[in-house]
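Residue-level structure breakdown
What follows is the residue order along each chain.
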Amino acid sequence: MNKAEVLKEIIEQRRSIFPKDYTENEIPQNIIDEILNSATFAPNHKRTKPWRFKIFKGEEKAKLASEMQAIYKASQPEQLFLEKKYNDIGFKINKADAVASIVVNFSGMVPEWEEIAAVSMAVQNMYLTCTANGIGSYWSSPKIVEQLKESLTIEENQKCLGLFYMGISNVAI
Ligand SMILES: Cc1cc2nc3c(=O)[nH]c(=O)nc-3n(C[C@H](O)[C@H](O)[C@H](O)COP(=O)(O)O)c2cc1C
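This section reports on the structure supplied with the text. (Residues numbered from 1 in each chain as written. Predicted model: local features only at pLDDT ≥ 70, side-chain atom pairs only at ≥ 80, totals over all residues. Heavy atoms only, no water.)

1. Digging into helix 5 (residues 112–132)
An ideal rise of 1.5 Å per residue puts 30 Å on 21 residues; helix 5 measures up with 31 Å between its terminal C-alpha atoms. Buried within helix 5 are the following residues: E114, E115, A118, V119, A122, V123, M126, Y127, L128, T129, C130 and T131. On its buried side, helix 5 packs onto helix 1 (3–13), helix 2 (29–39), strand 1 (51–56), strand 2 (98–105), strand 3 (135–140) and strand 4 (158–168). Just beyond helix 5, the residue with positive phi is G134, at close to 70°. (Helix = DSSP H or I, 4+ residues; strand = E, 2+ residues; numbered from the N terminus. Expected span 1.5 Å × (residues − 1). Buried < 20%, exposed > 50% of the residue type's maximum accessible area, 1.4 Å probe, protein only. Contact = heavy atoms within 4.5 Å.)

What follows is the structure, encoded as structure tokens:
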């Protein structure tokens, strides 16, 4: 296949794959590095490089799961609290081998939407690099990520746009 055919195939194959379809196997560190590296090639106006990604694995990931569950519980009126949803938040983070927080840093040099667009393109690069490596991934954007404090330092000029889940895929990519 020539380059154009390879690119077309990866773009067309990319799908959101959810933690229930990840194996227990670990993603090799060099592939995680490559996923993050690909993000940094996204176009960005005035070279503000507005993306901030933090990778959670192991113990830190377990703490992230607990914090997300605690935020969900605290933000729900008791009658709206769903045990299933609470458990699902923990299940998804624990089932993923690695989770990246997706944060946009607003530089003030360009409109905010341009920096969100640049971060989104960076995430697309991550999605495509995952696809090319047989890694399942997806962008999750629950509003409660904006309240993360212990797992993540979000500065005044930053906003958390969600979590990017990754795991070796059980389903054919
Ligand atoms: C900005 C953004 C936020 C998303 N947030 C969620 C989410 O919170 N929950 C979810 O299940 N999927 C989320 N997704 C994934 C979409 O649901 C998914 O891309 C869509 O269903 C199309 O499927 P595909 O990615 O396989 O093409 C998000 C995607 C984007 C681009």
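Resuming the write-up.
2. Thoughts on the pattern of salt bridges
Counted under the stated rule, the structure contains seven salt bridges. One salt bridge in this structure joins K57 and E26, with 3.3 Å as the shortest N-O distance. A residue pair is termed long-range when its members are at least 10 positions apart, and K57 in the loop between strand 1 and helix 3 (58–75) and E26 in the loop between helix 1 and helix 2 qualify at 31 residues. K159 serves as the salt-bridge partner of E146, at 3.7 Å between the closest nitrogen and oxygen. (Salt bridge = Lys/Arg side-chain N within 4 Å of Asp/Glu carboxyl O.)

3. Focus on the environment of I17
If you trace the backbone, I17 turns up in the loop between helix 1 and helix 2. When the C-alpha atoms of I17 and M166 are compared, they prove to be 8.5 Å apart, with 149 residues separating the residues in sequence.

4. Some points on the packing of aromatic side chains
For the structure on display, the rule yields five aromatic pairs. Ring centres of Y127 and F164 lie 5.4 Å apart, and the angle between their planes is 85°; this geometry places the pair in the edge-to-face category. With Y127 in helix 5 and F164 in strand 4, this pair connects stretches of sequence that are 37 residues apart. On the accessibility criterion, Y127 (9% relative accessible area) is buried. Within the aromatic cluster, the residues linked to one another by ring pairs are F18, Y138 and Y165. (Phe/Tyr/Trp six-rings, centres within 6.5 Å; stacked < 30°, edge-to-face > 60°.)

5. A short note on the nonpolar core
Counting 44 residues, the largest nonpolar core has M68, F164 and M166 as its most contacted members. Those elements that provide at least two residues to this core are helix 2, strand 1, helix 3, helix 4 (83–95), strand 2, helix 5, strand 3 and strand 4. Among the elements that take part in this core, helix 5 stands out by supplying seven residues, more than any other. With residues up to four places along the chain from it excluded, the contact list for F164 reads A98, V99, A100, I102, V123, M126, Y127, C130, S137, Y138 and W139. (Core = buried A, V, L, I, M, F, W, Y, C linked by side-chain atoms within 4.5 Å.)

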